[in-house]
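# Fold and geometry: a report
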Amino acid sequence: DAGITQSPRHKVTETGTPVTLRCHQTENHRYMYWYRQDPGHGLRLIHYSYGVKDTDKGEVSDGYSVSRSKTEDFLLTLESATSSQTSVYFCAISLAGGSSGTDTQYFGPGTRLTVL
Amino acid sequence: ELKVEQNPLFLSMQEGKNYTIYCNYSTTSDRLYWYRQDPGKSLESLFVLLSNGAVKQEGRLMASLDTKARLSTLHITAAVHDLSATYFCAVDIVRRDDKIIFGKGTRLHILP
């Protein structure tokens, strides 16, 4: 299995509080991604990173920010959590991307977030 | 906007039967992925299809890609209960950014 961990694995928080989820990899892969998974929607990309300090938005980025200060860590922050952000969040990594073609993505175990 | 559609979204079938899951996409792509997800678990990569006509097989699962029709299929032969899972296809947008787009998934339930 690819060396990807996510923390916390489960979190319950209240509306309006900030929340940070962490993705850590030991594979030295350049690309990292944050997805959310909701019933009936499959996986939707929130943000992704193509290198240290290089990030870009996905299709559902509103209300989320990311940071990547080291190759191995990619942080997802919910600036002010809302009930609509209750979801399962997956981190993924891949070796390549861009014009050379996106490589297979390897997924972390997921974080189940509940916003009350 | 790239759209990826899977059908069916839910499939219940008997052990021993054959069936096919379809993945249609709306714009040019030359790279398609299939993933499996067990309930409460993460996604596991099954196949990467890199060119028109590509076919890959692993056990009772076989995936194929027709880039001209913008269609991939995942065929299940003589289904067994252990194949019960949700299957996702995902498509790489040709020479654009670093993203892949996922279908909504096909939930496969195989009855013993």
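Attention here is on the structure that accompanies the text. (Residues numbered from 1 in each chain as written. Chains lettered and ligands numbered in written order. Predicted model: local features only at pLDDT ≥ 70, side-chain atom pairs only at ≥ 80, totals over all residues. Heavy atoms only, no water.)

On to the overall build of chain B. Scanning chain B from terminus to terminus reveals 0 helices and 11 strands. Secondary structure elements of chain B, listed N to C terminal, follow the sequence β-β-β-β-β-β-β-β-β-β-β. Taking 112 residues into account, the globule formula puts the C-alpha radius of gyration at 13 Å, and chain B, at 14 Å, falls close to it. If one aligns the C-alpha atoms of chain B with their principal axes, the spans along those axes are about 45 × 30 × 20 Å. Sequence separation of at least 24 residues holds for 54% of the intrachain contacts in chain B that already meet a minimum separation of 6. When the accessible surface of chain B is totalled, it reaches about 5700 Å², and 47% of it is carbon and sulfur. (Helix = DSSP H or I, 4+ residues; strand = E, 2+ residues; numbered from the N terminus. Rg over C-alpha atoms; globule rule 2.2 N^0.38 Å. Contact = heavy atoms within 4.5 Å. Areas by Shrake-Rupley, 256 points an atom, 1.4 Å probe, with all protein chains shown as cover.)

Now for the packing of aromatic side chains. This structure, assessed with the given rule, holds 12 aromatic pairs over all chains. Ring geometry for Phe-90 of chain A against Phe-107 of chain A: centres 6.5 Å apart, planes inclined by 80°, an arrangement best described as edge-to-face. Note that Phe-90 of chain A is positioned in strand β9 (residues 87-94) and Phe-107 of chain A in strand β10 (residues 106-107), a separation of 17 residues in sequence. Neither residue differs from the other here; Phe-90 of chain A and Phe-107 of chain A are each classed as buried. Here Tyr-35 of chain B and Phe-102 of chain B contribute two aromatic rings whose centre-to-centre distance is 5.6 Å and whose plane-to-plane angle is 40°, an arrangement assigned as tilted. With Tyr-35 of chain B in strand β4 (residues 32-37) and Phe-102 of chain B in strand β10 (residues 100-102), this residue pair connects regions lying 67 residues apart in the sequence. The exposure class of Phe-102 of chain B is buried, given its relative accessible area of 7%. Following the ring pairs from residue to residue traces out a cluster consisting of Tyr-33, Tyr-35, Tyr-48, Tyr-50, Phe-90 and Phe-107 of chain A together with Tyr-33, Tyr-35, Phe-88 and Phe-102 of chain B. (Phe/Tyr/Trp six-rings, centres within 6.5 Å; stacked < 30°, edge-to-face > 60°. Buried < 20%, exposed > 50% of the residue type's maximum accessible area, 1.4 Å probe, protein only.)

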